[in-house]
Every structure is written in C-alpha cells, then in structure tokens.
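# Working through the structure, step by step
The residues making up each chain are set out below.
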Amino acid sequence: MNSHDVLRTAIKIGGLALFIYSVIQAASSLPLFLNQLKNTGFDFPVVSIIATFVIPMIFGLLLWLFPAPIANTIIRKDLPTKSQEKFLVGVEKIAIRVLGLYLLYHGITDFVSHYASYHQAVEMFGKNVNFSGKERYTIGFIVTGSEIILALLLMLGAAGITNLLRKARNAS
C-alpha cells in the first residue's frame, strides 16, 4: 500500500464519518424541526435544514464515492515514491496538529460552559451548600482539563507521533 492508497482511504473514511455525523445530527434535530413545523406551519426556513444537514451529507457521500480524484490532486502519481512518502509524513503531521487544535477548541469551550454552569449553580445554591450534582462539575473539569492536555500533546508532539506511526507501519 503506497501513500496514494493511504490518502485515498483516509479521504474515504473522512467522507463516511462526515455522512454519518450529518445523519446523526439530522436525526437528533428532527423532533425540533417537526415541532417547529407543527407550531408555525410551513413557515420555517427549509434552506437552513438543507444547509445544515443535506449539504454535509452530499459532501460526505462525494468524498466516500470519489476519493481518487481528490487524492490525485493532493499527491500526483507521477511523483517518485520517496517524494510521496515525505508528503504523506507531512500530511500526517498536519492532520495530527489539526486534531489537536480541534480538541483544544472543544476543551476550551467545554471549560467555559462548565464554568458558567458551575457559577450559576453556586449563585443558586450558595458556596457552602452541597448542591446536587456538584461531583458532576468536578468530573467535568477533570475531563476538560485532560482534553486540553491531550490537545497540547498532539499539537506539540505531532512529529514524534508520526515517527511512531511510521515505525508501526513498517513493523507489520
């Protein structure tokens, strides 16, 4: 399996993940849209449904069904194998850093959300009162902190992770 095949497979899996995520989001939002349809008649923006769910589904299907043209534009097949492998290592480093950036963004927004929710609960119940669910906030802060640490490790250690991936690929 060369770098072109790996990239094509990654594009295909990414398309499938996008499609599945869009279907899950559409299914979870369906009761809200049906309720809005019942309350307002047909006077709600259908364009927002299409933009939110249908376009990502179509894009995911296109990535799933046609990964080769995209892979051909990223890695030309006429490049020497060494050049393709170097490019793949670069793509892996970028992908790992982007994953870390996503986790950092998600962790920071979760932290802000947990803090705001915790602050609201303290305002409601007072600092000395052991309100219900206080443990949930503690666990939420620990998980969010772990997520931020993992994100920083991914962003800063992308080269080391790529070397481990290359060693694991060559070992098998």
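A brief look at the structure comes next. (Residues numbered from 1 in each chain as written. Predicted model: local features only at pLDDT ≥ 70, side-chain atom pairs only at ≥ 80, totals over all residues. Heavy atoms only, no water.)

We now examine the overall build of the chain. Looking only at helices and strands, one finds 6 helices and 0 strands in the chain. Listing each helix as α and each strand as β along the chain from the N terminus yields α-α-α-α-α-α. Every one of the 172 residues in the chain was classed for burial, and the buried ones make up 22%. Restricting the contact set of the chain to residue pairs at least 6 apart, pairs at least 24 apart contribute 77%. With an accessible surface of roughly 12000 Å², the chain has 70% of that area assigned to carbon and sulfur atoms. (Helix = DSSP H or I, 4+ residues; strand = E, 2+ residues; numbered from the N terminus. Buried < 20%, exposed > 50% of the residue type's maximum accessible area, 1.4 Å probe, protein only. Contact = heavy atoms within 4.5 Å. Areas by Shrake-Rupley, 256 points an atom, 1.4 Å probe, with all protein chains shown as cover.)

Once that is clear, we can look at a nonpolar patch on the surface. Taken together, the side chains of L16, I20, I24, V54, I58, L61, L62, W64, L65 and F66 define a hydrophobic patch exposed on the protein surface, amounting to about 860 Å² of accessible area. Those elements giving two or more residues to the nonpolar patch turn out to be α1 (3-40) and α2 (46-65). Take the nonpolar patch: its biggest share by element is 6 residues, from α2. Among the secondary structure elements, I20 is positioned in helix α1. (Patch = residues over 30% accessible without salt bridge, like charges linked within 9 Å, V, L, I, M, F, W, Y side chains within 5 Å. Salt bridge = Lys/Arg side-chain N within 4 Å of Asp/Glu carboxyl O.)

Before going further, it helps to examine the packing of aromatic side chains. Evaluated as defined, the whole model comprises 2 aromatic pairs. Relative to F141, the ring of Y118 lies with its centre 6.2 Å away and its plane at 80°, an arrangement referred to as edge-to-face. Note that Y118 is positioned in helix α4 (residues 81-125) and F141 in helix α5 (residues 134-156), a separation of 23 residues in sequence. The partly exposed category is assigned to Y118, whose relative accessible area is 26%. An aromatic cluster is defined as three or more aromatic residues linked by ring pairs; in this entry it consists of F111, Y118 and F141. The side chain of K12 reaches across the aromatic face of W64, ending 4.7 Å from its centre. (Phe/Tyr/Trp six-rings, centres within 6.5 Å; stacked < 30°, edge-to-face > 60°. Lys NZ or Arg CZ within 6 Å of the ring centre and 35° of its normal.)

What follows is about the environment of K12. For K12, the position within the fold is in helix α1. What makes K12 partly exposed here is its relative accessible area of 31%. Once residues lying within four places of it in the same chain are set aside, the contact partners of K12 are L63, W64 and P67.

Counting 6 residues, the largest nonpolar core consists of I96, L103, L104, A151, L154 and A158. The set of elements that each furnish at least two residues to this core consists of α4 and α5. Take this core: its biggest share by element is 3 residues, from α4. Here L104 is in contact with I148, A151, L152 and M155, once residues within four sequence places are set aside. (Core = buried A, V, L, I, M, F, W, Y, C linked by side-chain atoms within 4.5 Å.)

Looking now at the side chain of E92. Among the structural elements, E92 can be located in helix α4. Residue E92 is classed as buried on the basis of its relative accessible area, which comes to 12%. Beyond its immediate chain neighbours, meaning those up to four positions away, E92 contacts T162 and R169.

With that out of the way, let us pick up the environment of T144. Along the polypeptide, T144 turns up in helix α5. Taking relative accessible area as the criterion, T144 reaches 2% and is therefore assigned buried. Linking T144 and L103, residues 41 residues apart in sequence, is a C-alpha distance of 9.7 Å. Residues in contact with T144, not counting those within four places in the same chain, are G107, D110, F111 and H114.

Let's shift gears to the side chain of E147. In this structure, E147 sits in helix α5. Setting aside its immediate chain neighbours within four residues, E147 contacts L103, H106, G107 and D110.

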